[in-house]
Amino acid sequence: MALLPILQYPDPRLHTVAKPVKVFDQALQQLVADMAETMYDAPGIGLAATQVDQHIQLIVMDLSKEKNELLVLINPKIIAQSGSQEYEEGCLSVPGIYENVTRAEFITVEAQDATGKSFRLDADGLLSVCIQHEMDHLKGKVFVEYLSPLKRNRIRSKMVKHAREIERNSY
Ligand SMILES: [Zn+2]
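Residues numbered from 1 in each chain as written. Predicted model: local features only at pLDDT ≥ 70, side-chain atom pairs only at ≥ 80, totals over all residues. Heavy atoms only, no water.

Secondary structure summary: the protein chain contains three helices and seven strands in total. The N-to-C order of helical and strand elements in the protein chain reads α-β-β-β-β-β-β-β-α-α. In terms of C-alpha radius of gyration, the protein chain reaches 16 Å, essentially the compact-globule figure of 16 Å for 171 residues. With the C-alpha coordinates of the protein chain rotated into their principal frame, the extents come out at 45 × 40 × 30 Å. Relative to its full complement of 171 residues, the protein chain shows a buried share of 41%. (Helix = DSSP H or I, 4+ residues; strand = E, 2+ residues; numbered from the N terminus. Rg over C-alpha atoms; globule rule 2.2 N^0.38 Å. Buried < 20%, exposed > 50% of the residue type's maximum accessible area, 1.4 Å probe, protein only.)

The structure is reproduced here in structure tokens:
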């Protein structure tokens, strides 16, 4: 297993639209394992393949306290949604930024697991928010794009400045 580098906003590769997964081979199992390790190490509760520069429709998540309930969503589709909820979101690609985003409250998702088996999942609360956040990544969308242009530009310059500081401090 290996830790994968996580793309940082405003990296343009975060705006790549992911392609459906067609082959459920050993390379895919390896990517799932590496993404899970990367997410747990970060630490985060969700990670989309887009964030590790792999542009396929793959998401890993784990909302459990013990970090032992890995959820893998491949080729996810929201087939029903209702209600709305506001939640303070963060993102491994936009570290240190937490902002409120309004999304659907209840969703029903159809997806495949790492072996290609289809399943259906009803989600609400944080699970629903997390799935919608990660599915946005697969569409090339980062959560800060829900904010006002003013707020987004402020975050963008902060992130660029932060990246320059990291460069300065590494030898
Ligand atoms: Zn994110």
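Picking up where we left off.
Ranked by internal contacts, the top residues of the largest apolar core, which has 15 residues, are I59, M61, L73, I107, V109, I131 and L138. Elements supplying a minimum of two residues to this core: β2 (58-61), β6 (106-112), β7 (118-123) and α2 (125-138). Among the elements that make up this core, the one with the highest residue count is α2 (four residues). Apart from residues lying up to four places away in sequence, L138 is in contact with T16, V17, A18, A48, A49, T50, I56, Q57, L58, I59 and P76. (Core = buried A, V, L, I, M, F, W, Y, C linked by side-chain atoms within 4.5 Å. Contact = heavy atoms within 4.5 Å.)

Here the focus is the coordination of the zinc ion. Here the zinc ion is held by C91 (SG), H133 (NE2) and H137 (NE2), and the distances to it run 2.1 to 2.2 Å. The motif formed by the donor residues of the zinc ion, counted along the single chain, is C-x41-H-x3-H. Of this pair, C91 sits in the loop between β4 (85-89) and β5 (99-103) while H133 sits in helix α2, and the two are 42 residues apart along the sequence. Per residue, the accessibility class of C91 equals that of H133, and both read buried. (Donors = N, O, S within 2.8 Å, 3.2 Å for Na, K, Ca; no water.)

Before going further, it helps to spend a moment on the UniProt feature "active site" (unreviewed entry) in the protein chain. UniProt feature "active site" (unreviewed entry): in the numbering of this structure it lies at E134. Looking at the secondary structure, you find E134 in helix α2. Setting aside anything within four residues of it in sequence, one finds E134 in contact with G46, L47, A48, Q51, I59 and M61. (UniProt positions renumbered as here; feature names shortened; annotations may be inferred.)

On to the environment of Q112. Structurally, the position occupied by Q112 is in strand β6. Residue classification places Q112 among the buried residues on the basis of a relative accessible area of 19%. On a C-alpha basis, the gap between Q112 and L73 in space is 5.9 Å, while along the polypeptide they are 39 residues apart. A polar contact is formed between the side chain of Q112 and the side chain of N75, at a distance of 2.9 Å. (Polar contact = N/O pair within 3.5 Å; in protein donor to acceptor, adjacent residues only side chain to side chain.)

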